[in-house]
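# A closer look at the structure
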Amino acid sequence: MWAGDPSELPKFLRPLHEGTLVLVASFDDPATKLTEESRRLLAELGSGAVGDLGFRDSWVFVGAKGVRERSPWTQIRRFSAQKCST
C-alpha cells in the first residue's frame with residue numbers, strides 16, 4: 001500500500017458481512033498509510049494493536065466483522081534501526 005491509494009482499504013473493509021474473517025499482514029510500515037478511518041475499521045474488527053503501530057513495524061492480525069472483544073491473534077514486530085545498521 002506504500003505506493004497505493006490509502007482510501008482503498010476502507011472501501012474494502014466497510015462492506016464486509018457480519019462474521020467475515022479478516023487476515024492482515026504487513027511486512028514493512030503499515031503505520032504510514034493507515035488513515036484514521038482505516039484504523040477505526042480495523043479496531044472494529046478486533047485489532048487492539050492498530051493504534052500502536054510505529055514507523056517500519058511489521059504486523060499480523062486475524063479478526064472478524066462483528067466481534068465484541070479484541071482478537072488474541074495479533075503480533076507486532078517493532079522496527080529497530082540498530083538491527084539495520086549492523
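Scope of this entry: the structure provided in the associated data block. The written sequence of each chain sets the order in which its residues are numbered from 1. This being a predicted model, a pLDDT of at least 70 is required before a residue's local features are given, and a value of 80 or more before pairs of side-chain atoms are given or counted; all residues contribute to the totals for chains, interfaces and linings. Excluding hydrogens and water, the side-chain figures rest on all heavy atoms present in the structure.

### Comments concerning the overall build of the chain
Comment: elements are numbered from the N terminus, with helices defined as DSSP H or I runs of at least four residues and strands as E runs of at least two. From N to C terminus, the chain includes three helices and three strands. N-terminal to C-terminal, the α/β element order of the chain is α-β-α-β-β-α. The buried share of the chain, reckoned over its 86 residues, is 31%. Residue contacts are defined here by distance: any two heavy atoms, one from each residue, within 4.5 Å place the two residues in contact. Partitioning the contacts of the chain with sequence separation of at least 6, the portion at a separation of at least 24 is 53%. Summary of the burial criterion: residues with accessible area below 20% of their type's maximum are buried, those above 50% are exposed, and those between are partly exposed, where the area comes from a 1.4 Å probe applied to protein chains only.

### Concerning the nonpolar core
Here is a general trend for soluble globular proteins: nonpolar side chains tend to be buried in one another's company. To form a nonpolar core, buried Ala, Val, Leu, Ile, Met, Phe, Trp, Tyr and Cys residues must be joined to one another through side-chain atoms within 4.5 Å. Judged by nonpolar contacts, the single largest core of 14 residues is most densely connected at Leu13, Val24, Leu42, Leu45, Val50, Leu53 and Trp59. Going through the elements one at a time, strand S1 (21–26), helix H2 (36–44) and strand S2 (58–64) are the ones with two or more residues in this core. If we skip the residues at most four places from it in the chain, valine 24 touches Leu42, Trp59, Val60 and Phe61.

### So, the sheet that holds strand S3 (residues 74–77)
The criterion for strand pairing is that DSSP finds at least two bridges linking the strands in question. With respect to topology, three strands assemble into an open sheet ordered S1-S2-S3, the strand pairing being antiparallel. Unpaired on one side and paired on the other, S1 and S3 mark the two borders of the sheet. Averaged over all pairs of adjacent strands, the angle between their axes in this sheet comes to 10°, without regard to strand direction. Here S1 runs beside S2; their pairing, made up of six bridges, is antiparallel. Among the inter-strand pairings, leucine 21 is bridged to a residue of S2, identified as alanine 64. The axes are straight lines fitted to the C-alpha atoms, using for helices just the contacting stretch, and the angles between their N-to-C directions are given from 0 to 180°.

### Side note on H2
Counting along an α-helix, one turn takes 3.6 residues, and residues three or four places apart therefore face a common direction. For H2, the full list of buried residues reads Ser38, Arg39, Leu41 and Leu42. What you see down the axis of H2 is that its buried residues fit within an arc of 165°, all on one side. Elements that come into contact with the buried residues of H2 comprise helix H1 (8–13), S1 and S2. One or two steps after H2, the chain reaches glycine 46, where phi turns positive at roughly 110°. Picture the helix axis, draw a direction to every C-beta atom, and the arc is the one those directions span.

### Notes on the side chain of aspartate 57
Following the sequence through the fold, aspartate 57 ends up in the loop between H2 and S2. Two N or O atoms count as a polar contact when they lie within 3.5 Å, although within protein this holds only if one can serve as hydrogen donor and the other as acceptor, and sequence-adjacent residues are included solely when both atoms are side-chain atoms. A polar contact of 2.7 Å, which involves the side chain of aspartate 57, links it to the backbone nitrogen of glycine 54. For aspartate 57, the contacting residues outside a window of four places in its chain are Phe27, Asp28, Asp29, Pro30, Asp52, Ile76, Arg77, Arg78 and Phe79.

### Some remarks on the side chain of serine 71
Within the element layout of this structure, serine 71 appears in the loop between S2 and S3. Using a relative accessible area of 13% as the deciding quantity, one classes serine 71 as buried. Among the polar contacts listed, one links the side chain of serine 71 to the backbone nitrogen of tryptophan 73, at a separation of 3.0 Å. Beyond its immediate stretch of four places on either side in the chain, serine 71 contacts Gly46, Phe61 and Val62.

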